[in-house]
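Coordinate analysis (summary)
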Amino acid sequence: MVQCEMCGAETASPKKIKVEGAELDVCDNCVDFGTEVKTQQSSTTSTKYSTSSSGNSSGSSGSSRSSSGGSRSRPSDMFDDMDEIVQDYDDRIRDARESSGLSQEDLAKDLNEKASLIRKLERGDMLPSDRVQKKLEKKLEISLTAGSAGADDEEWSGGSSTGGTTLGDVVKRKD
């Protein structure tokens, strides 16, 4: 008998499900909380992540891996292409609006947005959406995005507040 990893009940035939990326062995009552995973024991179905070097295809895949491996060192991440908004975006918006002589209501009308949105942005209660950010940058002639992340990393000197060495002081990043 195996214990259900979701509710703890004993079950003779657990089912493997995926819940938010985690695979769990669950009882029949908990199967509906995730999507059932079909388990395949055959190693010939997928060789993409194979650690075995046996087989005749390893030579051909090795040559294709070296040709494509040079062009990309790691998978592309959606966050790599995103610009980070500056921490003082609220002050920048307020200062630019005031220097333009606009009220919050006037700016909202010009941007075709609600005045309450401008108030929330200037208080720092919410981040502007990409669409609103572009409108603000164009209308107020300001930049709300920080520079590249690499520049911030170079300025950081390391160390910790306790004065001891941390893992971040020792590890070298592969960028």
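Our subject is the structure that appears above.
The model shown is predicted, which means the values in this text are computed figures rather than measured ones. (Residues numbered from 1 in each chain as written. Predicted model: local features only at pLDDT ≥ 70, side-chain atom pairs only at ≥ 80, totals over all residues. Heavy atoms only, no water.)

Turning next to the overall build of the protein chain. What the protein chain contains, in helices and strands, is seven helices and five strands. Ordered by position in the sequence, the α and β elements of the protein chain form the string β-β-β-β-β-α-α-α-α-α-α-α. For the protein chain, the accessible area works out to roughly 13600 Å², and carbon and sulfur atoms hold 47% of it. (Helix = DSSP H or I, 4+ residues; strand = E, 2+ residues; numbered from the N terminus. Areas by Shrake-Rupley, 256 points an atom, 1.4 Å probe, with all protein chains shown as cover.)

So, about the pairing of strand 3 (residues 15-19). Here five bridges tie strand 3 to strand 4 (residues 22-26), and the two strands are oriented antiparallel to one another. Residue Lys15 lies in a different strand from strand 4, and its bridge partner there is Val26. If you look at the hairpin formed by strand 3 and strand 4, you'll find two residues sitting between the two strands, and Glu20 has a positive phi there, around 50 degrees. Strand direction decides the pairing type here: strand 3 and strand 5 (residues 35-36), joined by two bridges, are antiparallel. Of the residues in strand 5, the one forming a bridge with Ile17 is Glu36. (Pairing = 2+ DSSP bridges.)

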